[in-house]
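As a plain string of letters, each chain reads:
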Amino acid sequence: MADLQGRLILVVEDEALVAMLLEDALADAGCRILGPAPSVTQALALLKHDRPEAAVIDLNLGGETSAPIADALAALGIPFLVATGYGAEGLPPGHENAMVLTKPYDPTELIES
């Protein structure tokens with residue numbers, strides 16, 4: 001497991017309970033949290049002002065795809081993990097090699113990724 005102490009992690013998740021669990025798990029691992037952002041618009045706005053060291057993004061945000069966020073993160077060279085119930089088959093075009101954490105998952109699985 002990587003040392004996460006003090007690292008700024010962007011959380012993009014539209015389900016409040018899941019976002020809180022992510023925040024708690026990341027904070028317990030010593031991370032600083034950017035977000036959570038429940039939409040593409042809010043996530044992209046956060047990226048204009050802060051540069052996280054990594055991100056955890058939900059693939060489906062209230063019916064919209066998080067592909068624009070994945071594109072922005074890739075353009076900035078920021079690694080990200082996609083949390084999705086769709087599996088690797090649902091990854092945005094151009095991001096087929098992204099790390100996938102299949103929902104539902106235990107937050108400790110995220111920290112170990």
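Summarised in this report is the structure supplied together with it. Everything quoted here is computed from the prediction, not taken from an experiment. (Residues numbered from 1 in each chain as written. Predicted model: local features only at pLDDT ≥ 70, side-chain atom pairs only at ≥ 80, totals over all residues. Heavy atoms only, no water.)

**Regarding the overall build of the protein**
Turning to step 1, where the next piece is worked out: Each helix and strand counted, the protein has four helices and seven strands in total.
Turning to step 2, where the next piece is worked out: Helices and strands appear in the protein in the N-to-C order β-α-β-α-β-β-β-α-β-β-α.
Turning to step 3, where the next piece is worked out: Evaluated residue by residue, the protein yields a buried proportion of 41% over its 113 residues.
Turning to step 4, where the next piece is worked out: Of the contacts formed within the protein by residues at least 6 apart in sequence, a portion of 62% connects residues at least 24 apart.
Turning to step 5, where the next piece is worked out: Carbon and sulfur atoms make up 54% of the accessible area of the protein, which totals about 5900 Å². (Helix = DSSP H or I, 4+ residues; strand = E, 2+ residues; numbered from the N terminus. Buried < 20%, exposed > 50% of the residue type's maximum accessible area, 1.4 Å probe, protein only. Contact = heavy atoms within 4.5 Å. Areas by Shrake-Rupley, 256 points an atom, 1.4 Å probe, with all protein chains shown as cover.)

**Some points on the sheet that holds strand β2 (residues 32–37)**
Across a sheet, strands are paired by hydrogen bonds formed along the backbone, either parallel or antiparallel in direction.
Turning to step 1, where the next piece is worked out: Taking strand neighbours across the sheet as the criterion, the five strands line up as β2-β1-β3-β6-β7 in an open arrangement whose pairing is parallel. With one partner strand each, in any of the chains shown, β2 and β7 (99–102) form the two edges of the open sheet. Here the average twist between neighbouring strands, direction ignored, is 20 degrees.
Turning to step 2, where the next piece is worked out: With four bridges joining them, strand β1 (residues 8–12) and β2 adopt parallel strand pairing. Residue pairing in the sheet places Leu10 in a bridge with Leu34 of β2.
Turning to step 3, where the next piece is worked out: Across the sheet, helix α2 (residues 40–49) lies against β1 and β2, angled at about 145 degrees from β2, the strand it touches most.
Turning to step 4, where the next piece is worked out: Taken strand by strand, helix α3 (residues 67–76) contacts β1, β3 (54–58) and β6 (80–84), and its axis lies near 165 degrees from that of β3. (Pairing = 2+ DSSP bridges. Axes fitted to C-alpha atoms, helices over the stretch in contact; angles between N-to-C directions.)

**Here's the deal with unusual backbone geometry**
Turning to step 1, where the next piece is worked out: The peptide bond linking Gly35 to Pro36 adopts the cis configuration, its omega dihedral lying at 10 degrees.
Turning to step 2, where the next piece is worked out: One can find Pro36 in strand β2.

**Describing α3**
Residue pairs spaced three or four apart in an α-helix point in one direction, given the helix's 3.6 residues per turn.
Turning to step 1, where the next piece is worked out: For α3, every residue scored as buried is listed here: Ala67, Ile69, Ala70 and Leu73. Buried positions in α3, seen along its axis, are confined to an arc of 155 degrees and lie on one side of it.
Turning to step 2, where the next piece is worked out: Those residues of α3 hidden inside the fold are in contact with β1, α2, β3, β4 (60–61), β5 (64–65) and β6.
Turning to step 3, where the next piece is worked out: Phi turns positive one or two residues past the end of α3, at Gly77, with a value near 75 degrees. (Arc of directions from axis to C-beta.)

**Re the pattern of salt bridges**
Turning to step 1, where the next piece is worked out: Scanning the model with the defined rule gives one salt bridge in all.
Turning to step 2, where the next piece is worked out: Measuring nitrogen to oxygen at the nearest pair gives 2.9 Å for the salt bridge that ties Glu53 to Arg7. Placement of the pair is Glu53 in the loop between α2 and β3 and Arg7 in the segment before β1, with a sequence separation of 46 residues. (Salt bridge = Lys/Arg side-chain N within 4 Å of Asp/Glu carboxyl O.)

**Overview of the nonpolar core**
Turning to step 1, where the next piece is worked out: With 20 residues, the main nonpolar core has Leu10, Val12, Ile57, Ile69, Leu73, Phe80 and Val82 as its most contacted residues.
Turning to step 2, where the next piece is worked out: Every element with two or more residues in this core is listed here: β1, β2, α2, β3, α3 and β6.
Turning to step 3, where the next piece is worked out: Setting aside residues no more than four positions away along its own chain, Phe80 makes contact with Ala55, Ile57, Ala70, Leu73, Ala74, His95, Ala98 and Met99.
Turning to step 4, where the next piece is worked out: Listed in part, the twelve residues of the second largest apolar core include Leu4, Val11, Cys31 and Ala83. (Core = buried A, V, L, I, M, F, W, Y, C linked by side-chain atoms within 4.5 Å.)

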